[in-house]
Amino acid sequence: MEKVIEVNRLGKLYGDIVAVDDVSFEVQRGEIFGIVGPNGAGKTTTVESLIGLKRPDKGEVQVLGLDPQNDRPALAQRIGTQLQQTQLAERIKVWEVLNLFSSFYDKTVPWEPLLDRWGLSEKRHAFFGKLSGGQKQRLFIALALINDPEIVFLDEITTGLDPQARRETWELVQAIRDEGKTVVMVTHYMDEVEMLCDRVAIIDHGRLIALDAPAALVNQLSDEQRIIFTVDLPINPADLQTIEQVRAVSISGSKIEVQGAGDLLVNLVLRLHEMGITPSNIEIHRPSLEDVFISLTGRSNVENK
């Protein structure tokens, strides 16, 4: 696949504070690439170095074959950005913002269809300050797309949104990729990464500590799983512990929890069938990217929100 971003040993200091420490990775054309980590991990500084807002203290960066510092005007024409701290004047209207941003680029797409595509047609005359959080995010995405960019950078795009607005925003991100664009998204929400990203870089204390597809990272951690179900007849734990894949069985009344790995579910259901027992309310719990994050950083992601 074609590489559209190449980062080699990127480093950035703020005084004595190391914000980014020897980070290297590549991004392929057409993928959704996630950068995750706790607040202050160096995620935003890394992205700002990619788009030319920050000058690295060491390392090399190439975006679409361009140097973000030396070729910043040319690069700005080919990328779209939605940054975490983006704000607009409260009294500027939606259509005025789109019209203004269109004047910044040599090549743009008509902004009227963007209003339709991102559900803002009815808000074209609304003031920015009157938009909901989800509507503001959709506007920021429209602004990031107005120059028909090859790469779109999204930084903490769902922070502060309610669950429904988050889900809607996820659909927008997938739609951007479906248009053939590359998406680089910064987040600290692990469910967001598992839902959207083809690959993810985990950064902590400025260092890249893991890079792979979300599912691959989870599989590297463990194939451990827990199966929880209820039964109508009493069960002797010993009857289930003889299953090769079972590591532990716990029983509380009619509720059974079985821990194990491999083809645990298949073999468990077969054994219960042999015993004449039909399980109900089956729940399957496997390691998540959140578990990977905790394993690698020693910290819960919740602690960093």
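In this text the structure is predicted, and so the values were computed from the model without any measurement.

Student: So what's going on with empty space enclosed by the protein? Which residues, and what values?
Tutor: Across all of its chains, the model carries one cavity of 30 Å³ or more by this definition. Counted as a void, the largest cavity has a volume near 30 Å³. Together, Ile227, Phe229, Leu265, Leu268, Val269, Leu272, Pro279 and Ile282 line the largest cavity. Among the elements of the structure, strand S10 (225-230) and helix H10 (264-274) are those that each provide at least two residues to the lining of the largest cavity. When its residues are assigned to classes, the lining of the largest cavity shows eight nonpolar, no polar and no charged.

Student: Provide a residue-level description of the pairing of strand S7 (residues 182-187), including the pertinent values.
Tutor: Of all six residues in S7, six are buried, a share of seventy percent or more. Of the two faces of S7, both are covered, the one formed by Thr182, Val184 and Val186 as well as the one formed by Val183, Met185 and Thr187. One ladder, built from five bridges, connects strand S6 (residues 151-155) with S7; its direction is parallel. In the sheet register, Asp155 faces S7, and the bridge partner there is Val186.

Student: Talk me through the sheet that holds strand S13 (residues 280-285); I want residue IDs and the actual numbers.
Tutor: Spatial strand order, S11-S12-S10-S13: four strands in an open sheet with antiparallel pairing. Two strands lie at the open edges of the sheet, namely strand S11 (246-252) and S13, each paired on one side alone. Strand after strand, the sheet turns through a mean of 15 degrees between neighbouring axes, direction not considered. Packing of H10 onto the sheet brings it into contact with S10, S11, strand S12 (255-260) and S13, and relative to S10 it is tilted by some 30 degrees.

Student: Lay out the packing of aromatic side chains with the relevant residues and their values.
Tutor: What the rule picks out here adds up to three aromatic pairs. Here Phe25 and Phe33 contribute two aromatic rings whose centre-to-centre distance is 5.2 Å and whose plane-to-plane angle is 20 degrees, an arrangement assigned as stacked. Of the two residues, Phe25 and Phe33, neither departs from the other in class, the shared state being buried. When the centroid spacing of 5.8 Å and the interplanar angle of 50 degrees are considered together, the rings of Phe128 and Phe140 count as tilted. Here Phe128, found in the loop between helix H4 (111-117) and helix H5 (133-145), pairs with Phe140, found in helix H5; they are twelve residues apart in sequence, far enough to count as distant. Phe140 carries the same exposure label as Phe128, and that label is buried. The ring of Phe128 carries Lys136 above its face, with NZ or CZ at 4.9 Å from the centroid. The aromatic ring of Tyr189 is capped on one face by Arg166, whose charged end is 4.4 Å from the ring centroid.

Rules and cut-offs
- Residues numbered from 1 in each chain as written.
- Predicted model: local features only at pLDDT ≥ 70, side-chain atom pairs only at ≥ 80, totals over all residues.
- Heavy atoms only, no water.
- 1 Å grid on protein atoms, 1.4 Å probe; cavity = no way out; pocket = protein on both sides within 12 Å on 5 of 7 lines; lining within 4 Å.
- Points joined across faces, edges and corners; volume = space filled by probe spheres on them.
- Helix = DSSP H or I, 4+ residues; strand = E, 2+ residues; numbered from the N terminus.
- Nonpolar A, V, L, I, M, F, W, Y, C, P; charged D, E, K, R; others polar.
- Buried < 20%, exposed > 50% of the residue type's maximum accessible area, 1.4 Å probe, protein only.
- Pairing = 2+ DSSP bridges.
- Axes fitted to C-alpha atoms, helices over the stretch in contact; angles between N-to-C directions.
- Contact = heavy atoms within 4.5 Å.
- Phe/Tyr/Trp six-rings, centres within 6.5 Å; stacked < 30°, edge-to-face > 60°.
- Lys NZ or Arg CZ within 6 Å of the ring centre and 35° of its normal.

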